[in-house]
Amino acid sequence: TTVLVLNGPNLGRLGSREPDVYGSGDLAELDRVLSAAAPAGWTVELRQTDDEATLMSWLHGAADSGAPVILNPAAFTHYSYALRDAVALVTKAGGTVIEVHISNPHAREEFRHTSVISAVATGVIAGFGFDSYLLALHAIGLRTA
Ligand code: DQA
């Protein structure tokens, strides 16, 4: 099994971006943590883009390959209907897309309280720092077993 871990805009700046909110770990560390936690024989493929179109093409690829997806849509969470549609085309075809957030958006500004993604995601995990991704990986393991 290859698990795709897709990260949206500004998450390439993890480590230096608002460490009080997102912690001091960078994407390379997240990659190490997830790879170390992956069950034997599993591959974790971590990607990040600031570009909405690139996220679409990665989700289209997941629809074709059936790879389970852990998605941190970052700010796209709150307004991208195009990303929502791309997630829906995966999940409505039986694929898995778990929405994750490092912070708990519900404890933050009002505009972060709305996710246009959640209703079409398989499930949502938020507020546990990098552990949100680990919990999502665990959930995929439970569904795959
Ligand atoms: C985030 C929360 C979003 O509101 C924000 O725009 C991000 C990161 C999180 O992981 O906590 O960029 O998705």
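Residues numbered from 1 in each chain as written. Predicted model: local features only at pLDDT ≥ 70, side-chain atom pairs only at ≥ 80, totals over all residues.

A few words on the environment of Thr122. Tracing the backbone shows Thr122 in the loop between strand S4 (97–101) and strand S5 (123–126). Look at Thr122 and you get partly exposed, because 19 C-beta atoms sit within 10 Å. As a C-alpha pair, Thr122 and Thr91 span 31 residues in sequence and 6.8 Å in three-dimensional space. Those residues within four positions of Thr122 in sequence are excluded, and the remaining contacts are Thr91, Thr96, Val97 and Ile98. (Helix = DSSP H or I, 4+ residues; strand = E, 2+ residues; numbered from the N terminus. Buried ≥ 20, exposed ≤ 12 C-beta atoms within 10 Å, placed from the backbone. Contact = placed C-beta atoms within 7 Å.)

Our next topic: the sheet that holds S4. Pairing in this open sheet of 5 strands is parallel, and the strands run S2-S1-S3-S4-S5 from one edge to the other. Strands with a single pairing partner mark the edges of an open sheet, and in this sheet they are strand S2 (43–48) and S5. Neighbour-to-neighbour, the strand axes of this sheet turn through a mean angle of 20°, independent of strand direction. (Pairing = 2+ DSSP bridges. Axes fitted to C-alpha atoms, helices over the stretch in contact; angles between N-to-C directions.)

With that settled, consider the UniProt feature "active site" (unreviewed entry) in the protein chain. Taking the UniProt record as the reference, the feature "active site" (unreviewed entry) is found at Tyr22 and His101. These residues run over 80 residues, yet every pair of their C-alpha atoms falls within 9.5 Å of each other. By the secondary structure assignment, Tyr22 is in helix H1 (residues 19–22). In this structure Tyr22 comes out as buried when scored by C-beta crowding, with 20 C-beta atoms within 10 Å. Topologically, His101 is positioned in strand S4. Overall, the presence of 23 C-beta atoms within 10 Å leaves His101 in the buried class. (UniProt positions renumbered as here; feature names shortened; annotations may be inferred.)

Time to look at the UniProt feature "binding site: substrate" (unreviewed entry) in the protein chain. Residues annotated by UniProt as "binding site: substrate" (unreviewed entry) correspond here to Asn72, His78, Asp85, Ile102, Ser103 and Arg112. The annotated residues occupy 41 residues of the chain and do not converge on a single region, their most distant C-alpha atoms lying 23.8 Å apart. Turning to its location among the elements, Ser103 is positioned in the loop between S4 and S5. Among all residues touching Ser103, those that are not within four sequence positions of it are Val21, Tyr22, Arg108 and Gly127. Examined against the element boundaries, Arg112 turns out to sit in the loop between S4 and S5. Among all residues touching Arg112, those that are not within four sequence positions of it are His78 and Pro105.

Neighbouring residues of the ligand: Asn10, Asn72, Ala74, Ala75, Thr77, His101, Ile102, Ser103, Pro105 and Arg112. Each residue belonging to the shell around the ligand can be placed in one class, and the counts come to 4 nonpolar, 5 polar and 1 charged. (Near = placed C-beta within 6 Å. Nonpolar A, V, L, I, M, F, W, Y, C, P; charged D, E, K, R; others polar.)

Positive phi is not limited to glycine here, since Glu18 has a value of about 35°. Position of Glu18 relative to the elements: it lies in the loop between strand S1 (2–7) and H1. At Ala74, a position not held by glycine, the phi torsion is positive, near 50°. Looking at where Ala74 falls in the secondary structure, it is placed in the loop between strand S3 (69–72) and helix H4 (81–91). A count of 20 C-beta atoms within 10 Å places Ala74 in the buried class.

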